[in-house]
Amino acid sequence: MAAPTQYSQEEVEELREAFSKIDVDSNGFITTNELNDLFKAANFSLPGYRIREIIQNLMSTGDLNNDGQISFDEFINVVHGLKSTEVAKTFRKAINKKEGICAIGGTSEQSSVGTQHSYSEEEKYAFVNWVNTKLENDPDCKHVLPMDPNTDDLFSAVGDGIVLCKMINLSVPDTIDERTINKKKLTPFTIQENLNLALNSASAIGCHVVNIGAVDLKEGKPYLVLGLLWQVIKIGLFADIEISRNEALIALLRDGESLEDLMKLSPEELLLRWANYHLENAGCNKVNNFSSDIKDSKAYYQLLSQIAPKGEEDGIPAIEVDMSGLREQDDVKRAECMLVQAERLGCRQFVTATDVVRGNPKLNLAFVANLFNKYPALQKPENQDIDWSSIEGETREERTFRNWVNSLGVNPRVNHLYGDLADALVIFQLYEKIKVPVEWSRVNKPPYSKLGGNMKKLENCNYAVELGKNKANFSLVGIAGQDLNEGNHKLTLALMWQLMRRYTLNILEDIGGGEKVNDDTIVRWVNQTLSEAGKDTISGFKDGQISTSMPVLNLIDAIQPGSIRYDLLKIEDLSEEEKLNNAKYAISMARKIGARVYALPEDLVEVKPKMVMTVFACLMGRGMKKV
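Residues numbered from 1 in each chain as written. Predicted model: local features only at pLDDT ≥ 70, side-chain atom pairs only at ≥ 80, totals over all residues. Heavy atoms only, no water.

Draft legend 1. Main features of the overall build of the chain. In terms of regular secondary structure, the chain is built from 27 helices and four strands. A burial count over the chain gives 52% of its 627 residues as buried. In the chain, of all internal contacts separated by at least 6 residues, the share reaching a separation of at least 24 is 61%. Just so you have it, the chain exposes about 29,300 Å², and 47% of that area is on carbon and sulfur atoms. (Helix = DSSP H or I, 4+ residues; strand = E, 2+ residues; numbered from the N terminus. Buried < 20%, exposed > 50% of the residue type's maximum accessible area, 1.4 Å probe, protein only. Contact = heavy atoms within 4.5 Å. Areas by Shrake-Rupley, 256 points an atom, 1.4 Å probe, with all protein chains shown as cover.)

Draft legend 2. Highlighting helix α14 (residues 298-307). Counting buried positions over the 10 residues of α14 gives seven, a clear majority of the element. Residues of α14 that are buried include every one of Ala299, Tyr300, Tyr301, Gln302, Leu303, Leu304 and Ile307, and no others. In this structure, the buried side of α14 is in contact with α13 (267-281), α15 (331-344), α16 (353-358) and α17 (361-374).

Draft legend 3. View of the packing of helix α23 (residues 519-532) against helix α24 (residues 550-559). Two elements in contact, α23 and α24, have axes whose closest approach is 9 Å; the angle formed by their N-to-C orientations is 65°. Judged by the inter-axis angle, α23 sits roughly perpendicular to α24. In terms of crossing hand, the pair formed by α23 and α24 is left-handed. Contact with α23, carried on its side by Trp525, Val526, Thr529 and Leu530, involves Pro551, Asn554, Leu555, Ala558 and Ile559 of α24 and no other residues of that element. (Axes fitted to C-alpha atoms, helices over the stretch in contact; angles between N-to-C directions. Parallel < 35°, antiparallel > 145°, perpendicular 65-115°, else oblique. Left-handed = near helix turned anticlockwise from the far one by under 90°.)

Draft legend 4. A look at the pattern of salt bridges. Enumeration over the complete set of coordinates arrives at 34 salt bridges. For glutamate 394, the salt bridge goes to arginine 402, with nearest N and O atoms at 2.5 Å. Arginine 396 is paired through a salt bridge with glutamate 606; the nearest N and O atoms lie 2.8 Å apart. Pair noted here: arginine 396 is in helix α18 (residues 396-407) and glutamate 606 is in the loop between α26 (601-605) and α27 (609-625), with a separation of 210 residues, a long-range link. One network of salt bridges, with partners in common, ties together Asp138, Asp140, Lys166, Glu178 and Lys183. (Salt bridge = Lys/Arg side-chain N within 4 Å of Asp/Glu carboxyl O.)

Draft legend 5. Structural context of the nonpolar core. Judged by nonpolar contacts, the single largest core of 95 residues is most densely connected at Leu154, Met167, Leu228, Leu271, Trp274 and Phe367. Looking at this core element by element, the count peaks at 11 residues for helix α11 (residues 222-238). Not counting residues within four places of it along the chain, the set of residues in contact with leucine 228 comprises Leu164, Leu199, Ala202, Cys207, Val209, Ile212 and Leu217. (Core = buried A, V, L, I, M, F, W, Y, C linked by side-chain atoms within 4.5 Å.)

Draft legend 6. The arrangement of the layout of surface pockets in detail. Taken as a whole, the second largest pocket encloses approximately 960 Å³ of empty space. Along the walls of the second largest pocket sit 37 residues, with Asn200, Gly594, Ala595, Arg596 and Lys625 positioned nearest its centre. Of all the elements in the fold, those that place two or more residues in the lining of the second largest pocket are α9 (188-204), α10 (214-218), α18, α22 (489-511) and α27. Among the elements that take part in the lining of the second largest pocket, α9 stands out by supplying seven residues, more than any other. For the lining of the second largest pocket, the residue count by class is 21 nonpolar, 11 polar and five charged. (1 Å grid on protein atoms, 1.4 Å probe; cavity = no way out; pocket = protein on both sides within 12 Å on 5 of 7 lines; lining within 4 Å. Points joined across faces, edges and corners; volume = space filled by probe spheres on them. Nonpolar A, V, L, I, M, F, W, Y, C, P; charged D, E, K, R; others polar.)

Draft legend 7. Looking closely at the side chain of asparagine 506. As for its placement among the helices and strands, asparagine 506 is situated in helix α22. Asparagine 506 gets classed as buried once you look at its relative accessible area, which sits at 13%. With residues near it in sequence (within four places) discarded, asparagine 506 still touches Ile434 and Lys435.

Draft legend 8. Highlighting the side chain of threonine 175. Assignment of secondary structure puts threonine 175 in the loop between α8 (162-171) and α9. A relative accessible area of 13% places threonine 175 in the buried class. In contact with threonine 175, not counting residues within four places along its chain, are Ile168, Asn169, Ser201, Ile205, Ser588 and Arg591.

Draft legend 9. Summary view of unusual backbone geometry. Of the consecutive residues asparagine 411 and proline 412, the connecting peptide bond is found in the cis state with omega at 5°. Cis peptide bonds are those with omega within 30 degrees of zero, and the linkage from proline 446 to proline 447 qualifies with 0°. Checked against the element boundaries, proline 447 lands in the loop between α19 (425-433) and α20 (453-470). Residue aspartate 174 is not a glycine yet carries a positive backbone phi of 75°. Among the structural elements, aspartate 174 can be located in the loop between α8 and α9. According to the relative accessible area criterion, aspartate 174 is exposed, its value standing at 53%. Even without being glycine, alanine 424 reaches a positive phi, approximately 70°.

Draft legend 10. How the structure looks around the packing of aromatic side chains. Within this structure, the stated rule accounts for nine aromatic pairs. Ring geometry for tryptophan 130 and phenylalanine 350: centres 4.6 Å apart, planes at 35°, overall tilted. On the criterion of sequence distance, the pair formed by tryptophan 130 in helix α6 (residues 121-135) and phenylalanine 350 in the loop between α15 and α16 is long-range, its members being 220 residues apart. Taken together, the ring pairs in this structure connect Phe428, Trp440 and Tyr463 into an aromatic cluster. (Phe/Tyr/Trp six-rings, centres within 6.5 Å; stacked < 30°, edge-to-face > 60°.)

Draft legend 11. Structural context of the environment of arginine 399. Inspection of the secondary structure assignment puts arginine 399 in helix α18. Considered as a pair, arginine 399 and glycine 206 are 193 residues apart in the sequence and their alpha carbons are 9.3 Å apart. Residue contacts for arginine 399: discarding those within four places in its chain leaves Glu394 and Leu600.

Printed below as a string of structure tokens:
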């Protein structure tokens, strides 16, 4: 079929280039999987259902012969038919963003042999340099560091799990007890343990690791390694971009804005607000993003000049930023001059000059986050009418729920448990995870209008409560949609607990061939397993002995005999510090033998029955697998 006459030969060539960007395996056809990869590579923050709708729209428009794929001729008709619709704009943006992508064959269980997966050379280069810098003085990593960013060193370096464990602890300190990492005389079995520990710990800090297995990391599958590493790095970069951990961020409050409004902003939004705060102080135009708006490096020059130390603080010498590079006519050369100045601040990380000029959104975001962490250059406001007591960090329970939700891959990511559940979209996704069907036709989807938008969110929350009561058979006495919409802490947590509990029990029932499981079932299994190993049993999830973590450690040792090093533990007459020490070891050991535990060590020390139940349930699941 000839191209439609309204396209010139030059335009057809542009379309062919766009087509080839999507057609990763170069077989002359675009599939649904390749469209999915396109949107992932473009790093869009669209919810999953929107991407699904766009892909369905593209396939239904383009796949004229219904063979499940789009040829180049069909692709031309797609572009012609879409014209200026929202789908077309999103589609074009995705294609334009797809730079520096490498294609490799995929042979995982989830993908058939010959499927192509893509990864970014720029990301590999950036992440290698970051890991090299962060772990350069760690003696446990000397066998693989420094890595050469121009080779595939990274993909083999992560193969024994040590680097990943170390990076997780850098992002969220104390997540992994160092005593549980196998470091010397590694065997295939001890490497497998390290990778289990890394994957389950990554999940516990909120990384989405579904469909990533220890074998994938051992084999160094690039797109999976880079995907996991970016999540770990990002969590670390964003850790302090949060008002309860950095009260100086209140300087970013705008006129007429409440503290509550500011606290609802995501780390990405706060970073943009922070950059613009300094750009305004420099008398410069604001930026709307860290991609197209920073390509000329001019905003970066002004930002560096504003945040560079001025010598006003004791012990911190002034660093003067040389602005002469702004006169450079070539964008790449100007970006390189700017990065030389960033290096003087110790902040030349994540981006090359080419990454800046291309506007790579992921790497530029990381570059700015690193600038913020080193030189926030904000002063905590004085004499402002601010209720400082309202600025409280999240509780352990809230953090555990938030990390659990994010580990399941919900979209959008949950940064603030209550505010981000206010439209119930995440709750609906959780219902689907626990096999409660959602009628998506009843769900109001963003963007919400300013006028009447909250009513749409409230309708969603009402439906979420209705599903919980009628379909999930949850006990939601006294909980209304308004409570979720307004972020009532106690009632929202009550729903979150029932979702997490059902999710956990569903896993056990799946492993056990559908047999119903409750708290008593778990206690019976735990006690039977402990008894058969000649160890003391528990009375239930409130048993005082759990505060020592010994019942958990004994159960781990019963499941995998010889795994617990009792010589590292204090067993009797424990101080609070010694109890916590045991608990850290117990939680990490549970993850190391393959249990995906979300609870925190403090939950064991304080014998929090709900979280204690999840620990024993996860260990029961691991024990029933007999692996």
